[in-house]
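Structural description and commentary
What follows is each chain in one-letter form.
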Amino acid sequence: MTNLTNRKIVLGITGGIAAYKCAELVRRLKEAGCEVKVVMSESAKHFITPLTMQAVSSEMVSDSLLDPSAEAAMGHIEFAKWADLILVAPATSNTIAKMAAGIADDLLTTLLLATPAKVAIAPAMNQQMYAHPATQANLATLKARDVLIWGPGKGEQACGDVGAGRMLEPHELVALCTATEQPQLLAGKTITITAGPTREPLDPVRFISNHSSGKMGFSLAEAALKLGAHVNLISGPVTIKAPVGVNLINIESAEQLLNESLTYAPLSDAFIGCAAVADYRAANVATQKMKKQGDELTLTLVKNPDVIAAVANLTQNRPYTVGFAAETQNVESYAKGKLKNKNLDMICANDVSQSGLGFNSDHNALTLYWQNEQLALAVNSKTRIALEVIKQLAKQL
Ligand code: PMT
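Definitions and cut-offs
- Residues numbered from 1 in each chain as written.
- Predicted model: local features only at pLDDT ≥ 70, side-chain atom pairs only at ≥ 80, totals over all residues.
- Heavy atoms only, no water.
- Helix = DSSP H or I, 4+ residues; strand = E, 2+ residues; numbered from the N terminus.
- Areas by Shrake-Rupley, 256 points an atom, 1.4 Å probe, with all protein chains shown as cover.
- Lys, Arg positive; Asp, Glu negative; His and termini not counted.
- Charge placed at Lys NZ, Arg CZ, Asp CG, Glu CD.
- Core = buried A, V, L, I, M, F, W, Y, C linked by side-chain atoms within 4.5 Å.
- Buried < 20%, exposed > 50% of the residue type's maximum accessible area, 1.4 Å probe, protein only.
- Contact = heavy atoms within 4.5 Å.
- 1 Å grid on protein atoms, 1.4 Å probe; cavity = no way out; pocket = protein on both sides within 12 Å on 5 of 7 lines; lining within 4 Å.
- Points joined across faces, edges and corners; volume = space filled by probe spheres on them.
- Near = heavy atom within 4 Å.
- Polar contact = N/O pair within 3.5 Å; in protein donor to acceptor, adjacent residues only side chain to side chain.
- Sits in = over half its atoms within 2 Å of the grid points.
- Nonpolar A, V, L, I, M, F, W, Y, C, P; charged D, E, K, R; others polar.
- Pairing = 2+ DSSP bridges.
- Axes fitted to C-alpha atoms, helices over the stretch in contact; angles between N-to-C directions.
- Patch = residues over 30% accessible without salt bridge, like charges linked within 9 Å, V, L, I, M, F, W, Y side chains within 5 Å.
- Salt bridge = Lys/Arg side-chain N within 4 Å of Asp/Glu carboxyl O.
- Phe/Tyr/Trp six-rings, centres within 6.5 Å; stacked < 30°, edge-to-face > 60°.
- Lys NZ or Arg CZ within 6 Å of the ring centre and 35° of its normal.

Helix and strand content of the protein chain: 14 helices and 19 strands. Counting only C-alpha atoms, the protein chain reaches 85 × 50 × 35 Å along its principal axes. Accessible surface, the protein chain: about 19,000 Å² in total, of which carbon and sulfur atoms supply 50%. Side-chain charges of the protein chain comprise 35 positive and 36 negative groups, with the mean position of each set lying 2 Å from the other.

Our next topic: the nonpolar core. Residues I191, L220, I272, V389 and I390 are the most contacted members of the largest nonpolar core, which totals 35 residues. At the level of secondary structure, the elements contributing two or more residues to this core comprise β8 (190-195), α10 (215-226), β11 (230-235), β13 (270-273), β16 (320-327), β17 (346-351), β18 (363-369) and α14 (382-396). Setting aside residues no more than four positions away along its own chain, I390 makes contact with L186, L220, A223, A224, L227 and I272. One finds A23, V61, A122 and C177 within the second-largest nonpolar core, a separate group that totals 32 residues.

By the criterion of burial, helix α6 (residues 107-114) is predominantly enclosed, with 6 of the 8 residues buried. For α6, the full list of buried residues reads L107, L108, T109, T110, L111 and L112. Where α6 is buried, its residues contact β1 (8-13), β2 (35-40), α4 (76-82), β3 (85-91), α5 (93-101) and β4 (118-123).

To continue, consider the layout of surface pockets. In this structure, the largest pocket occupies an estimated 1,400 Å³ of space. Lining the largest pocket are 36 residues, and of these K8, K81, W82, E222 and T383 sit closest to its centre. Mapped onto the lining of the largest pocket, the elements with two or more residues apiece are β2, α4, α10, β19 (374-381) and α14. Looking at the lining of the largest pocket, the element that brings in the most residues is α10, giving 5 residues.

Quick look at the site of the ligand now. In the vicinity of the ligand there are 27 residues, among which S212, S213, G273, K338 and N360 approach most closely. Interatomic distance of 2.7 Å between a backbone N/O atom of A275 and an oxygen atom of the ligand. Interatomic distance of 2.6 Å between a backbone N/O atom of N360 and an oxygen atom of the ligand. Here the ligand loses 95% of its free accessible area of 780 Å² to cover by the protein chains. The cavity that encloses the ligand is the second largest pocket. For the shell around the ligand, the elements supplying multiple residues, two or more each, are α10, α12 (307-312) and β16. For the shell around the ligand, the residue count by class is 12 nonpolar, 9 polar and 6 charged.

To continue, consider the sheet that holds β3. Read from one edge of the open sheet, 5 strands run β2-β1-β3-β4-β5, paired in parallel fashion. The strands lining the two open edges of the sheet, one partner per strand, are β2 and β5 (148-149). Packing of helix α2 (residues 50-57) onto the sheet brings it into contact with β1 and β2, and relative to β2 it is tilted by some 170 degrees. Where α5 meets the sheet, it contacts β3 and β4, and its direction lies at approximately 150 degrees from that of β4.

Here we come to a nonpolar patch on the surface. Together, Y280, L297, L299 and L301 make up a nonpolar patch on the protein surface, roughly 390 Å² of accessible area in all. Tracing the chain through its elements places L301 in strand β15 (residues 301-303). Taking the relative accessible area as the measure of exposure, L301 reaches 38% and is therefore partly exposed.

Now for the environment of K8. Assignment of secondary structure puts K8 in strand β1. The spatial distance from the C-alpha of K8 to the C-alpha of C34 is 5.9 Å, given a sequence separation of 26 residues. With near-sequence residues (within four places) excluded, K8 lies in contact with E35, W82, A83, D84, L85 and E222. Within the local environment of K8, its side chain forms a polar contact with the side chain of E222, the two groups lying 2.9 Å apart.

Let us look at the packing of aromatic side chains. The tally for this structure, following the rule as stated, stands at 0 aromatic pairs. Against the face of W82 rests K37, its NZ or CZ located 4.9 Å from the ring centre.

Below is the structure:
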């Protein structure tokens, strides 16, 4: 695994002769483990075809802001949020000028305005155009906005001139992508994360469950992978895909979750209980489908084991143990109570009373509590919240 494994890169190709090198660039990024989506400007298509880029990236190439079918598959704002890095290569003087001015007149320049991700450009143009004060002023503007400027290289140019203006080679760009990645704070560490809901059967066709989608736990798993950890992800039934590279263990009930957790936790440096575990299960599971009888049905439920408390109370090979507290009221006091009563090292208080946050949404906000400290993480995508939680965890290991 490289430290580009699972990185999501949007490669924006603009219209310069160096665009022909982009097939090689995509191939190398994919070899390094990245997911790459390609966006092309109109003029880029004169230098390399969308079909070539589709073949090397194994993804549809995007080139239009106004294509309803592309927007239906992944809207441009969603696209902008998907990326960990947008790399514009080759970046022409025209695109650089548009970026400096904040012009959004095609898909790529719109993504560049809409993205919260890191942006890097690999300028490529005639040496005279590169040296022009307008281009230099535009580059200075972008640099001041923390856009990463990679290159250009010096040498003989396609037009016959010699000087600065060549796009860096694909292997140099891949190395620069690698260098911008997260420090491998969790290299050599194993993190076990629980995610999703549990299902507690009532009969062969019915169960008790909850609205957990697994998104928060899966985002934590992805963040831990990014920081170099080996990740065990124990998940209840969800419809989302696990990040490539995790050891996924599927469970259904709380008892299965307990068994798998007690297998993996003692082998781990840290355990994060993000799963929404049913507190109770049916005392008796009917072997046949229960038939409708009368106007009322009384179920007898019995308490489920407390998975995270069992992990936190291991007497041997106890991992650093992080819980979540999903609360609709008295968030701070209930979360602190769980931190203490379950013998946890850290807890992530999740106020799930706010619509659009918590269960089954792409966003969240958490307050992290340790025995004597706390840290609020404001509303953000689960991806970014998860990265912050994992960075905080890494400090403790
Ligand atoms: O999956 P998503 O749709 O992305 O939603 C994310 C989430 C809201 C489910 C997640 O952020 C979250 O808050 N998870 C914890 C949900 C929960 O069960 O909280 P709780 O307060 O009931 O439990 C406290 C802690 O004890 C949790 O770490 C839980 O995993 C654990 N627990 C609870 C009961 C039980 N029997 N065993 C446990 O281990």
